[in-house]
Amino acid sequence: MPISKPNVTLNIIPAEQILSVADHRVLIVGQSLAAGTSVAGEILSDVDDATNAINAAFGTRSIIAEQIREFKKYNKISAIDALPLADAGGAVQATSDVVFAGTATASGTLEVTFGSEKRYKVQVNVLVGETAAEVATKTVAQYAFLTSAPFQVAASTVTVTATAENGGTHANDWTVMVTGNVAGITYSLVGWASGATDPSLTGVLDVLGNVRYNTVIWPAKYDIETIGDVLDARFNASNDVLDGVVIQGQNGTLTSLKAYVASLNSQSIAVIGDKTVSETLRKGTSLKEMPDVTAAQAAALRALRLTPNGNLTQFLTTTSSLDQFGGASLASLPYFNTSLPNMPIPLAADEFSFEDQEELKNNAISLIGANRAFNGTIFGEMVTTYLTDNAGNPDSSYKFLNTIDTASVVRETFFANYKNRFAQSRLTNGDLITGRDMANAESIKAFSLEVYKSLAKSALVQSGNVAERDFLDNLIVTLDLSTGTATVTAAPLLVSQLRAILGTIQINFGV
């Protein structure tokens, strides 16, 4: 061998850096059809973006396929797992009727909606002289083109009947609506009803294992506490970060919605309320959308906000450049005024009043509704169902979903960086030795401040010298060398959302 002096050995080691949070993962729970290739009760991971793959996996007309397709219209980048459930034995399918009468004395157009005004409204062109039975036949012919609808439509003389494809109660609150006027033709409606017998939920969540689901979409008619109890138990997991939020759509009156969430009291549950509508020619909900799809659309935007590089420009009202793409920083950006362009626009007459909206928010119900111009649908304030502490005292700590999102990202950032920085460290009450991986109380404090500063740059905690001093003043690190334990107590100053502006305008005529 040649002589090679001096001896030189240069090892390459990783750079020290502040880590961000893990990828956002979503779980959608819903009923599939036997025609699908997925296995009922087993999680299908990383659901394909392609519509044909979704249809093949769950059955084209299944309600879970409908939810996933609508989720994907907003968000194709967040990771989705699905937990399909088979219809219960003996399940009954919900139905809805439109009954026509008379003979057209002039030509005109009717619009018929089953399920969703946005996707399943059809136009029926009626010619002078056509009978009610012919109008019914034409209506069915229009629905024949909608091959992915989670229901099928048939006619019996003058009656058009829509029948949900999946059995169970999930379709009992869907919309049915007819608009338009044709001289000589009258019509009446029978709202969606009679769906019965949902799948048993006993043990269905045992398949979750230790996978973290940041967002869970849960059917409106399923017991929300089944998933809420699981997520609450994960909220403060030992040696892991497993917290998540379940989103559920729910329709009702002011009184029934308040009663529905009154006993939940969970920071892990967000319920989107929708007003029940029962008019002569319009029955269902204010949003004119399937409650389970409402939850899927809302969850899609939550996940897109919290997924790095999610393109948000078409959904947001803010024009701030750094807020146009998703990531951890969006946890603190208000949900309200975020657009849902694929959601039908409610009628002014069908929405809750401003007073009712405030009461529902204060009683743990989130709302989606029309914007001020009634030309789009937007988020209202998103809240969790948490209302009181364990002693029953009013507690606003976990009231807003933004607070949960922000606190979760802050916690996960500290968790990941403590795991990374102190993966192989000695612990001492003395001084640190240069070139040795060691930690003491002061070095843990110093590193914690660096993590805090990185969170401040992401607009998650308050920035500046005063905020940093407050963080350090409230940061306590105690060491127990006998067990190798460092106990850290911190109170990062979270940013909040501008939810109200109160002011006074004085009349002034000048001098």
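These numbers were taken from a predicted model, which means no experiment stands behind them.

**Focus: the sheet that holds strand β6 (residues 151-156)**
Stage number 1. One open sheet accounts for 4 strands, arranged β6-β7-β3-β9; its pairing is antiparallel. Looking at the sheet topology across the chains shown, the edges are occupied by β6 and β9 (185-193). Between one strand and the next, the sheet's axes are offset by a mean angle of 15°, whatever the strand orientation.
Stage number 2. Where strand β3 (residues 95-102) lies against strand β7 (residues 159-164), 5 bridges are found, and the strand directions are antiparallel. The residue bridging Asp97 from the neighbouring strand is Thr161, located in β7.

**Here we look at helix α3 (residues 132-143)**
Stage number 1. With 12 residues, α3 ought to run about 16 Å at 1.5 Å a step, and its terminal C-alpha atoms sit 17 Å apart, in line with that.
Stage number 2. Buried residues in α3 make contact with β3, β4 (108-115), β5 (121-126), β6, β7 and β9.

**Thoughts on the environment of Thr109**
Stage number 1. In this structure, Thr109 sits in strand β4.
Stage number 2. Residue Thr109 is classed as partly exposed on the basis of its relative accessible area, which comes to 33%.
Stage number 3. In the structure, Thr109 is positioned 70 residues away from Thr179 in sequence and 8.8 Å away in space, judged by C-alpha atoms.
Stage number 4. With sequence-adjacent residues up to four places away left out, Thr109 is seen in contact with Gln123, Val124, Asn125, Thr179, Gly180, Asn181 and Val182.

**Re the packing of aromatic side chains**
Stage number 1. Going through the model one piece at a time under the given rule, you end up with 20 aromatic pairs.
Stage number 2. Arranged with centres 5.8 Å apart and planes meeting at 45°, the rings of Phe414 and Tyr418 form a pair that is tilted. Of this pair, Phe414 and Tyr418 both sit in helix α8 (residues 401-421), 4 residues apart, which is roughly one turn of that helix.
Stage number 3. On the basis of relative accessible area, Phe414 is assigned to the buried category, the value being 9%.
Stage number 4. Judged by centre distance (6.3 Å) and plane angle (35°), the ring pair of Tyr418 and Phe422 falls under tilted.
Stage number 5. By relative accessible area, which is 21% here, Phe422 ends up partly exposed.
Stage number 6. Joined through ring pairs, the aromatic side chains of Phe114, Tyr120, Tyr143, Phe151, Trp174 and Trp192 make up one cluster.
Stage number 7. When the ring centre of Phe235 is taken as origin, the NZ or CZ atom of Arg411, which lies over that ring, is 5.7 Å away.
Stage number 8. The ring of Phe400 is capped by Arg499, whose NZ or CZ atom sits 3.4 Å from the centre of that ring.

**Observations concerning the pairing of strand β11 (residues 245-252)**
Stage number 1. Burial within β11 is extensive, with 8 of its 8 residues counted as buried.
Stage number 2. Of the two faces of β11, the one lined by Val245, Ile247, Gly249 and Asn251 and the one lined by Val246, Gln248, Gln250 and Gly252 are each fully buried.
Stage number 3. In the sheet, strand β10 (residues 215-217) pairs with β11 via 3 bridges, with the strands oriented parallel. Bridge assignment links Thr215 to a residue of β11, and that residue is Val245.

**Points about the packing of helix α9 (residues 441-457) against helix α10 (residues 465-473)**
Stage number 1. Relative orientation of the contacting elements α9 and α10 amounts to 140°, with a least axis distance of 11 Å. As the angle between them shows, α9 and α10 are arranged oblique. For the pair α9 and α10, the sense of crossing is right-handed. When α9 is examined against α10, the residues Lys445, Ser448, Leu449, Tyr452 and Lys453 are found in contact with a partner set consisting of Ala467, Glu468, Phe471 and Leu472.

Analysis parameters
- Residues numbered from 1 in each chain as written.
- Predicted model: local features only at pLDDT ≥ 70, side-chain atom pairs only at ≥ 80, totals over all residues.
- Heavy atoms only, no water.
- Pairing = 2+ DSSP bridges.
- Helix = DSSP H or I, 4+ residues; strand = E, 2+ residues; numbered from the N terminus.
- Axes fitted to C-alpha atoms, helices over the stretch in contact; angles between N-to-C directions.
- Expected span 1.5 Å × (residues − 1).
- Contact = heavy atoms within 4.5 Å.
- Buried < 20%, exposed > 50% of the residue type's maximum accessible area, 1.4 Å probe, protein only.
- Phe/Tyr/Trp six-rings, centres within 6.5 Å; stacked < 30°, edge-to-face > 60°.
- Lys NZ or Arg CZ within 6 Å of the ring centre and 35° of its normal.
- Parallel < 35°, antiparallel > 145°, perpendicular 65-115°, else oblique.
- Left-handed = near helix turned anticlockwise from the far one by under 90°.

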